[in-house]
2 protein chains.
Amino acid sequence: MSQIKFEIEQTLGVLSESGKGWTKELNLISWNGREAKYDLRDWDADHEKMGKGVTLTKEELIALRDLLNQAEL
Amino acid sequence: MSQIKFEIEQTLGVLSESGKGWTKELNLISWNGREAKYDLRDWDADHEKMGKGVTLTKEELIALRDLLNQAEL
């Protein structure tokens, strides 16, 4: 993972925090200098270690929002 | 990945479809017979191959919904 360059351009929000200080976050991240994408994954407190996650386009995020608003949660 | 048993209990929705037939989906999935969790990841057309993804609790999904409703998308 150390070969991957990334820059967190915006933190949209934190969904949860685990006992060990890891947080599940929705961020706007530029990977290896490319155009930033939305990104949902777990991070350690220093944002140095990351868990597996998914990247999403703006269109996918809008679809997710609409889907969650229709779901019975 | 072949050692992991999973059962897709519910498909909440499809966020997008790639040219190769892979779809990004939000599902409710039971992994290895455990209690089902919400799961956001890419799948091939047969739901046999999966990409990296995130699992979410119901509380995290609600937090995500509220966060997306506040974001300017």
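Preceding block: the structure.
Just so you know, the residues in each chain are numbered from 1, in the order the chain's sequence is written. Chains and ligands are labelled by the order in which they are written, letters from A for the one and numbers from 1 for the other. Reporting of local features is limited, given that this is a predicted model, to residues whose pLDDT is at least 70; pairs of side-chain atoms are given and counted only at 80 or more, and all residues count toward the totals for whole chains, interfaces and linings. Side-chain calculation: all heavy atoms of the structure are included, whereas hydrogens and water are not.

K.L.:
Describe the packing of helix α1 (residues 58-70) of chain A against helix α1 (residues 58-70) of chain B, and please don't skip the residues or the numbers.
P.N.:
Helix-helix packing is described using two parameters, namely the angle between the two axes and the distance between the axes. Axes here refer to lines fitted to C-alpha atoms; in helices the fit is confined to the stretch in contact. Angles between the N-to-C directions go from 0 to 180 degrees. Helix and strand assignments come from DSSP, with helices taken as H or I runs of at least 4 residues and strands as E runs of at least 2, each series counted from the N terminus. Packing of α1(A) against α1(B) brings their axes to within 9 Å, and their N-to-C directions diverge by 120 degrees. On the basis of their axis angle, the class for α1(A) and α1(B) is oblique. When the axes of α1(A) and α1(B) are compared, the crossing they make is left-handed. Packed against α1(A), whose contacting residues are A:Leu61, A:Leu64, A:Arg65, A:Leu68 and A:Asn69, the element α1(B) presents B:Leu61, B:Leu64, B:Arg65, B:Leu68 and B:Asn69 at the interface. In terms of residue class, the contact of α1(A) with α1(B) is built from six nonpolar, two polar and two charged. Roughly parallel here means an angle under 35 degrees, roughly antiparallel means over 145, roughly perpendicular means 65 to 115, and every remaining angle is called oblique. Here is the rule for handedness: rotate from the far helix to the near one, and if that takes an anticlockwise turn smaller than a right angle the crossing is left-handed, while a clockwise turn gives right-handed. We call two residues contacting when some pair of their heavy atoms lies within 4.5 Å. Each residue gets one of three labels, nonpolar for Ala, Val, Leu, Ile, Met, Phe, Trp, Tyr, Cys and Pro, charged for Asp, Glu, Lys and Arg, and polar for the others, Gly among them.

K.L.:
Outline the layout of surface pockets, supporting the account with residue identities and numerical values.
P.N.:
With a 1 Å grid laid over protein atoms only, a set of points is called a cavity when a 1.4 Å probe fits there but cannot get out and a pocket when it is open yet has protein on both sides within 12 Å along at least five of seven lines; lining residues have an atom within 4 Å of a point. Grid points are joined across faces, edges and corners, and a volume is the space filled by probe spheres set on the points. Approximately 330 Å³ is the volume attributed to the largest pocket. Together, 19 residues line the largest pocket, and A:Lys52, B:Arg41, B:Gly53, B:Val54 and B:Thr55 are the ones closest to its centre. No other element matches strand β4 (residues 50-56) of chain B, which puts six residues into the lining of the largest pocket. Space inside the second largest pocket adds up to approximately 270 Å³. Residue lining of the second largest pocket: 14 residues in total, with A:Arg41, A:Lys52, A:Gly53, A:Thr55 and B:Lys52 positioned closest to the centre. Top element by residues in the lining of the second largest pocket is strand β4 (residues 50-56) of chain A. It accounts for six residues. Grouping the amino acids of the lining of the second largest pocket by side-chain chemistry returns five nonpolar, four polar and five charged.

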